[in-house]
Amino acid sequence: MKIICPLCDTPSPFFYKDTQSYHRCPQCYGIFVAPKDLPKAQEEKQRYELHDTDTQDEGYRKFVSPITLHVSKDFPLNTKGLDYGAGTSAIISCVLQEEGYNIKNYDPYFHPHKELLEQKYDFITSCEVIEHFYHPKKEFEKLFEMLHVGGRLYLMTDIYDERDFASWYYKNDPTHVFLYHRKTFEYITKAYGFQSYFIDKRLIVLVR
């Protein structure tokens, strides 16, 4: 049975099953969990509460550094940013605020400041968040609209590279409900109006 891709609305065939069923889109190459297997909101929140919250941990800071270093290189301090899906720790904001950046936090569970979604930003960061999108089409439309022209969207996720899916660790987290291929970001760039994008390992940068 084919299920409609939540990113590009393309009927997508069955791909793989373990504790969840996955479908793979032939248009955008995204891999997504079947709607019947999506975690409940409380299960999702409990999983996120297990994440590291020590903002002084050097390993944690190093992990998010592909984003924080790029922001520091690309934007002066007098710009405005948003950490979208900041989590319990808001580690990216913590690091960039120490440098003097004006960056706010939004997270539907831990920083539910919806008024921030009505504003415009020079840059938006989203580290290990986009794989949790139940409705990626709506999310990327929203992220695009929140950026000024010339603004940048900094993402981090593990990208599927045609390895053996059954043994890929990244799918084992039940809250990783939409998984991305390099070609998925090519689709997102064209479909949502971004000027360009580049990928460096886990880092993806889209330019409006």
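Refer to the structure presented above.
Now for a quick tour of the structure. Not measured: the values here are computed from a predicted model. (Residues numbered from 1 in each chain as written. Predicted model: local features only at pLDDT ≥ 70, side-chain atom pairs only at ≥ 80, totals over all residues. Heavy atoms only, no water.)

**Quick word on the overall build of the chain**
Scanning the chain for helices and strands turns up five helices and 12 strands. With respect to the principal axes defined by its C-alpha atoms, the chain has extents near 50 × 35 × 30 Å. Considering the chain as a whole, with its 208 residues, one finds that 53% of them fall into the buried category. Nonlocal contacts in the chain, meaning residues at least 24 apart in sequence, comprise 62% of its contacts between residues at least 6 apart. For the chain, the accessible area works out to roughly 10,000 Å², and carbon and sulfur atoms hold 52% of it. Each charge class in the chain can be summarised by its mean position, and for the 26 positive and 30 negative side chains these summaries are 5 Å apart. (Helix = DSSP H or I, 4+ residues; strand = E, 2+ residues; numbered from the N terminus. Buried < 20%, exposed > 50% of the residue type's maximum accessible area, 1.4 Å probe, protein only. Contact = heavy atoms within 4.5 Å. Areas by Shrake-Rupley, 256 points an atom, 1.4 Å probe, with all protein chains shown as cover. Lys, Arg positive; Asp, Glu negative; His and termini not counted. Charge placed at Lys NZ, Arg CZ, Asp CG, Glu CD.)

**Brief notes about the nonpolar core**
Residues L7, Y84, I124, F140, L153, F185 and I188 are the most contacted members of the largest nonpolar core, which totals 36 residues. Apart from the residues within four sequence positions on either side, Y84 is in contact with Y106, L117, I124, T125, S126, V129, F133, E139, K142, L143 and M146. If you look at the next biggest cluster of nonpolar residues, it comprises 17 residues, including F75, V95, I103 and C127. (Core = buried A, V, L, I, M, F, W, Y, C linked by side-chain atoms within 4.5 Å.)

**A closer look at the sheet that holds strand β12 (residues 203-207)**
Spatially, the six strands line up as an open sheet ordered β7-β6-β8-β9-β12-β11, and their pairing is mixed. Each of the sheet's edge strands pairs with one partner strand only, and the pair in question is β7 (102-106) and β11 (196-200). In this sheet, adjacent strand axes meet at a mean angle of 15° when their direction is disregarded. Where strand β6 (residues 80-84) meets strand β8 (residues 121-127), three bridges bridge the pair, whose relative direction is parallel. Within the sheet, the bridge partner assigned to G81 lies in β8 and is F123. In the packing of helix α4 (residues 136-146) onto the sheet, the strands contacted are β6, β8 and β9 (147-156), and the crossing angle to β9 comes to about 135°. (Pairing = 2+ DSSP bridges. Axes fitted to C-alpha atoms, helices over the stretch in contact; angles between N-to-C directions.)

**As for the packing of aromatic side chains**
Using the criterion set out here, one finds 24 aromatic pairs in the structure. Among the aromatic residues, ring-to-ring pairing joins F32, Y84, Y106, F133, F140, F178, Y180, F185, Y187 and Y192 into one connected group. In this arrangement the basic side chain of K80 is found over the ring face of Y121, its NZ or CZ atom lying 5.1 Å from the centre. (Phe/Tyr/Trp six-rings, centres within 6.5 Å; stacked < 30°, edge-to-face > 60°. Lys NZ or Arg CZ within 6 Å of the ring centre and 35° of its normal.)

**Structural notes on the sheet that holds strand β10 (residues 178-179)**
With antiparallel pairing, four strands are arranged side by side in an open sheet as β3-β4-β5-β10. In this open sheet, the two edge strands, each paired with only one partner strand, are β3 (14-17) and β10. Examined bridge by bridge, strand β5 (residues 31-33) and β10 share two bridges and lie antiparallel to one another. Bridge pairing in β10 places F32 opposite F178.

**Things to note about the pairing of β9**
The two faces of the sheet receive side chains in turn, since in a regular strand these alternate between them. Bridging between β8 and β9 involves six bridges; their strand directions are parallel. Paired with I124 across the bridge in β9 is L153. Regarding the hand of the β-α-β motif, the stretch spanning β8, α4 and β9 is right-handed. One ladder, built from five bridges, connects β9 with β12; its direction is antiparallel. Its bridge partner being in β12, M156 is matched across the sheet by L203. (Right-handed = clockwise from strand over helix to strand, strands pointing away.)

**What about the layout of surface pockets?**
Here the largest pocket is characterised by a volume of approximately 910 Å³. For the largest pocket, the lining is made up of 37 residues, of which Y48, G85, E128, V129 and H132 are closest to its centre. (1 Å grid on protein atoms, 1.4 Å probe; cavity = no way out; pocket = protein on both sides within 12 Å on 5 of 7 lines; lining within 4 Å. Points joined across faces, edges and corners; volume = space filled by probe spheres on them.)

**Description of the side chain of D107**
If you trace the backbone, D107 turns up in the loop between β7 and β8. Taking relative accessible area as the criterion, D107 reaches 6% and is therefore assigned buried. What D107 contacts, discounting residues up to four positions off in sequence, is G85, A86, G87 and P112.

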